[in-house]
Every structure is written in structure tokens, then in C-alpha cells.
Amino acid sequence: MTCAYAVRGALGKISGVESVEVSLNKGLATMKLRPGNTIGLGQVWDTIKNNGFTTKDTRVVARGEVVEANGKPHLKLTGTDQVFNLVPDPKAKQVFELVKKQIGRSVVVEGRMTPVAIEVQTIRDPEKGK
Amino acid sequence: MKRYLAVFSLSLLVGILPARAEFQQIDLTIFGMD
């Protein structure tokens, strides 16, 4: 049993995961998730750690409602009550101007993840671009 | 009449259901601790 197989198996057991691809050569694990999942990043990071690996970077595609708190936009994942700060990606600052106009609306955002924030790289209407 | 009620009820239900909110994909850059 290779380490990649173990990591893939462990991540695949998380409820709500549709598929997992792991490449240790590239140092990359890609998880596609089922609609309606309630997966939290904490359990993903813990699974990686428990299988002997360290997460260096996390990028997400997330659907949620943009809400305002303390004058700043956040993404609310109502299925898990998770709320993440939305912050500008240094390489895509113009995208963040769109984010601020989406308060109260459902969007799909892509970006780099930190424990409490998403650096927004792209944002789109969830009903488009599928 | 029944069909109308069914369509109306379904429309109402869709309208009050919360929009889906979730992670769709997670990409992780990882390295091993051998």
C-alpha cells in the first residue's frame, strides 16, 4: 500500500466526497465534493496530518452567500454554518471589487484558503458556467 | 386544478429552500513527513 493510496483512501472516506486524486510527485491532492456536502476544512486538514503529510496550501471552489460583517464581505456556507472572510488575492484585486457588489447573493468563489479567509481569485454566478 | 396546486406548491417550496452553500472542490498542496 503506497502512501498516495492511503491518503486517497482516507480522504475518500470523508462523507460527501465524490472523488479524490493524489499525486505525490506533484504533491497535490484534488477532492471533488458531492452537492449537499457538509465538509469542513478542519476534517480535511486533520485527515492529511493523520496520514503523515503536511498541508502546504489549500485552494477551494466554494458556493455560498456573501454576507457583510463589520463592513467587510464574508462567505457563508449555510450547510455547515461556516463563515469565511473574503479578502483580495494580490494577483486579482479587481475581482474583489465584484465581491463587494454581491452582498446578499449566492456566488461561487475560487481562491486560496487560509484558516479563516479565502483570497478570492474568481467569482461567478452559481447558475452560470457549469 | 390538482396539477396547478402541485406546481404552485413546488414553486413555493423551491422559493423558501435555502440556496445550496458548500465546498465544491478542494485542492491541497501536500508534502510528506518520511
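Predicted model only: the values in this text are computed from it and were never measured.

Conventions adopted
- Residues numbered from 1 in each chain as written.
- Chains lettered and ligands numbered in written order.
- Predicted model: local features only at pLDDT ≥ 70, side-chain atom pairs only at ≥ 80, totals over all residues.
- Heavy atoms only, no water.
- Helix = DSSP H or I, 4+ residues; strand = E, 2+ residues; numbered from the N terminus.
- Buried < 20%, exposed > 50% of the residue type's maximum accessible area, 1.4 Å probe, protein only.
- Areas by Shrake-Rupley, 256 points an atom, 1.4 Å probe, with all protein chains shown as cover.
- Rg over C-alpha atoms; globule rule 2.2 N^0.38 Å.
- Axes fitted to C-alpha atoms, helices over the stretch in contact; angles between N-to-C directions.
- Parallel < 35°, antiparallel > 145°, perpendicular 65-115°, else oblique.
- Left-handed = near helix turned anticlockwise from the far one by under 90°.
- Contact = heavy atoms within 4.5 Å.
- Nonpolar A, V, L, I, M, F, W, Y, C, P; charged D, E, K, R; others polar.
- Salt bridge = Lys/Arg side-chain N within 4 Å of Asp/Glu carboxyl O.
- Arc of directions from axis to C-beta.
- Buried area = accessible area lost by both parts, 1.4 Å probe.
- Polar contact = N/O pair within 3.5 Å; in protein donor to acceptor, adjacent residues only side chain to side chain.

> Can you walk me through the overall build of chain B in this structure?
Helix and strand content of chain B: one helix and one strand. Looking at the 34 residues of chain B, the share that counts as buried comes to 21%. When the accessible surface of chain B is summed, it comes to about 2700 Å², and 67% of that surface belongs to carbon and sulfur atoms.

> Explain the overall build of chain A to me, please; I cannot follow it from the model alone.
Looking only at helices and strands, chain A has three helices and seven strands in total. Starting at the N terminus and ending at the C terminus, chain A contains elements arranged as α-β-β-α-β-β-β-α-β-β. Whereas a compact globule of 130 residues would reach a radius of gyration of roughly 14 Å, chain A reaches 15 Å, a difference of no more than 12%. C-alpha extents for chain A along the principal axes are approximately 50 × 30 × 30 Å.

> I tried to follow the packing of helix α1 (residues 3-12) of chain A against helix α2 (residues 41-50) of chain A on my own but got confused; where do I start?
Pairs of packed helices are described in terms of their axes, by the angle between the two and the distance that separates them. Residue and element names in this part refer to chain A. The interhelical angle for the contact between α1 and α2, taken along N-to-C directions, is 150 degrees, at an axis separation of 10 Å. Judged by the angle between their axes, α1 and α2 are roughly antiparallel. Note on packing geometry: the crossing formed by α1 with α2 is right-handed. From α1, Val7, Ala10 and Leu11 reach across to α2, where they touch Val44, Thr47 and Ile48. Of the residues belonging to the contact of α1 with α2, the class tally is five nonpolar, one polar and no charged.

> Where do I start with unusual backbone geometry in this structure?
Most peptide bonds take the trans configuration, and most residues that are not glycine carry a negative phi. Phi is positive for A:Asn70, which is not a glycine, with a value near 55 degrees. The topology assignment puts A:Asn70 in the loop between β3 (53-69) and β4 (72-77).

> Explain the environment of A:Thr114 to me, please; I cannot follow it from the model alone.
Summarising the element assignment, A:Thr114 is placed in the loop between β6 (106-113) and β7 (117-124). Distance in space between the C-alpha atoms of A:Thr114 and A:Asn25 is 24 Å, their sequence separation being 89 residues.

> Please explain the pattern of salt bridges as it appears in this structure.
Oppositely charged side chains can form a pair if their charged atoms are brought close together. Residues and elements named next belong to chain A. Summed over all chains, the structure comprises four salt bridges over all chains. Where aspartate 57 meets arginine 112, a salt bridge forms, and the shortest distance between an N and an O atom there is 3.0 Å. Highlighted residues: aspartate 57 in strand β3 and arginine 112 in strand β6, separated in sequence by 55 residues. Salt bridges sharing partners connect three or more residues here, namely Asp57, Arg112 and Glu119.

> Before we go on, may I ask you to explain α1(A) in this structure?
Since one α-helical turn is 3.6 residues long, residues separated by three or four positions face the same way. Residue and element names in this part refer to chain A. Among the residues of α1, Ala4, Val7, Ala10 and Leu11 are the ones counted as buried. For α1, the angular spread of the buried residues around the axis is 135 degrees, confining them to a single face. Contacts made by the buried residues of α1 are with β1 (17-23), β2 (28-33), α2 and β3.

> Would you mind showing me how to read the interface of chain A and chain B here?
It is common to give the size of an interface as the accessible area that goes away when the parts come together. Across the boundary between the two partners, chain A contributes 38 residues, which contact 15 residues of chain B. Overall, the association of chain A and chain B removes approximately 2700 Å² of surface from exposure, summing both partners, and the carbon and sulfur fraction of that is 57%. When residues of chain A are sorted by the area they lose upon contact with chain B, A:Thr54, A:Val61 and A:Arg63 head the list and together hold 21% of the total. Across the contact surface, chain A and chain B share zero salt bridges. On inspection of chain A and its partner chain B, the count reaches 15 residue pairs in polar contact (both at pLDDT 80 or more). Secondary structure elements with two or more residues in the side of chain A that touches chain B: β2, α2, β3, β4, β5 (82-88) and β6 of chain A. Looking at the side of chain A that touches chain B, the element that brings in the most residues is β3(A), giving 12 residues. Of the residues assigned to the side of chain A that touches chain B, the class counts are 18 nonpolar, 13 polar and seven charged.

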